[in-house]
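# An overview of the molecular structure
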Amino acid sequence: MNKTLSRILWIAVGVLLVIAGAACMLNPGAVLTWMTVFLGVAMLVSGVIDIVIFAAGHKFMLGSGWMLLDGILTVVLSLFVLGNKAFTAMTLPFIFGMWLIFTGISKFVSSFDLKYLGVRGWGWFTALGVLLTVVGFISFSTPIVSAVALSVTVGVILILEGTSYILRGCFSNRIWN
């Protein structure tokens, strides 16, 4: 896989996540009925893209192991979400929190690889990683409040995840050796 295709895939996934986040925020009542399926599919696509890009470019990218770990954990969580819809609906704040913590830590750690490479804007990845991790912990600590505001929470987080992918795509020419 070349740099251009990786960049296009990251930006495409980012745009889809941002659109999905905006849809969640615009129609919160309908979100709860299809939340588990949508969240599972969004997580699955996100994880598979990370794994595919790792497989194609891990020899040329610093910190690619974190991307692989993020992709694998995201795929595993997505399969759980898609396979246990009734249970997932009851535990969605916890599952969502887990995903946010995993991806937030991954983005935080990989941001220092960007700093090492001298990439301008690496601090945005650090900030997004911290923000995603904090929101994940909030989801764990107050699941009832999180469940009530889940539509808006998911919308904001999907927009943040999408922004992270778009930034990764925009800065991808600096990540590849």
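Residues numbered from 1 in each chain as written. Predicted model: local features only at pLDDT ≥ 70, side-chain atom pairs only at ≥ 80, totals over all residues. Heavy atoms only, no water.

Before going further, it helps to spend a moment on the overall build of the protein. Secondary structure assignment for the protein yields eight helices and zero strands. In the protein, the succession of helices and strands from N to C terminus is α-α-α-α-α-α-α-α. Considering only C-alpha atoms, the protein reaches an extent of 45 × 25 × 25 Å along its principal axes. Split into buried and exposed, the 177 residues of the protein put 44% on the buried side. Here the protein displays about 8,300 Å² of accessible surface, and carbon together with sulfur accounts for 77% of that area. Placing the 9 positive and 4 negative side-chain charges of the protein at their respective mean positions leaves the two points 8 Å apart. (Helix = DSSP H or I, 4+ residues; strand = E, 2+ residues; numbered from the N terminus. Buried < 20%, exposed > 50% of the residue type's maximum accessible area, 1.4 Å probe, protein only. Areas by Shrake-Rupley, 256 points an atom, 1.4 Å probe, with all protein chains shown as cover. Lys, Arg positive; Asp, Glu negative; His and termini not counted. Charge placed at Lys NZ, Arg CZ, Asp CG, Glu CD.)

Moving on: the nonpolar core. By size, the foremost hydrophobic cluster in this structure holds 34 residues, and its most contacted members are Trp10, Phe96, Trp99, Leu100, Val154, Ile157 and Leu158. Those elements giving two or more residues to this core turn out to be α1 (3-26), α2 (28-57), α3 (64-83), α4 (85-116), α5 (122-141) and α7 (150-170). The leading source of residues in this core is α7, at seven residues. What Ile157 contacts, discounting residues up to four positions off in sequence, is Phe96, Leu100, Leu132 and Val135. (Core = buried A, V, L, I, M, F, W, Y, C linked by side-chain atoms within 4.5 Å. Contact = heavy atoms within 4.5 Å.)

Inspection of the secondary structure assignment puts Asp50 in helix α2. Ignoring any residue separated from it by four or fewer positions in sequence, one finds Asp50 in contact with Trp10, Met67, Asp70, Gly71, Tyr165 and Arg168.

On to the packing of aromatic side chains, then. A full pass over the atoms with the stated rule returns three aromatic pairs. Geometrically, the ring pair formed by Phe108 and Phe112 is edge-to-face, given 5.1 Å between the ring centres and 80° between the ring planes. You can see Phe108 and its partner Phe112 sitting in helix α4, four residues apart, about one turn around the helix. Residue Phe108 is classed as partly exposed on the basis of its relative accessible area, which comes to 30%. When the centroid spacing of 5.8 Å and the interplanar angle of 45° are considered together, the rings of Phe112 and Trp122 count as tilted. Of this pair, Phe112 sits in helix α4 while Trp122 sits in helix α5, and the two are 10 residues apart along the sequence. Its guanidinium or amino end placed over the ring of Tyr165, Arg168 lies 5.2 Å from that ring's centre, counting from NZ or CZ. (Phe/Tyr/Trp six-rings, centres within 6.5 Å; stacked < 30°, edge-to-face > 60°. Lys NZ or Arg CZ within 6 Å of the ring centre and 35° of its normal.)

Below, the discussion takes up the pattern of salt bridges. Per the counting criterion, the structure on display carries three salt bridges. Of the charged contacts in the structure, one is a salt bridge between Asp70 and Lys107, with a shortest N-O distance of 3.4 Å. Within this pair, whereas Asp70 is found in helix α3, its partner Lys107 is found in helix α4, the two being separated by 37 residues in sequence. Classification of Asp70 by relative accessible area gives buried; the value is 2%. (Salt bridge = Lys/Arg side-chain N within 4 Å of Asp/Glu carboxyl O.)

Here we take up a nonpolar patch on the surface. The grouping of Phe108, Phe112, Val130, Val134 and Ile138 at the surface amounts to a nonpolar patch, some 390 Å² of accessible area in total. Looking at the nonpolar patch, the elements that each hand over two or more residues are α4 and α5. Per-element tally for the nonpolar patch: the top contributor is α5, with three residues. You can call Phe112 partly exposed: its relative accessible area is 35%. (Patch = residues over 30% accessible without salt bridge, like charges linked within 9 Å, V, L, I, M, F, W, Y side chains within 5 Å.)

With that out of the way, let us pick up α3. Taking 1.5 Å of rise per residue, the 20 residues of α3 would be expected to cover 28 Å, and the 29 Å separating its terminal C-alpha atoms lies within 8% of that figure. Residues Ser64, Met67, Asp70, Gly71, Thr74, Val75, Leu77, Ser78 and Val81 constitute the buried set of α3. (Expected span 1.5 Å × (residues − 1).)

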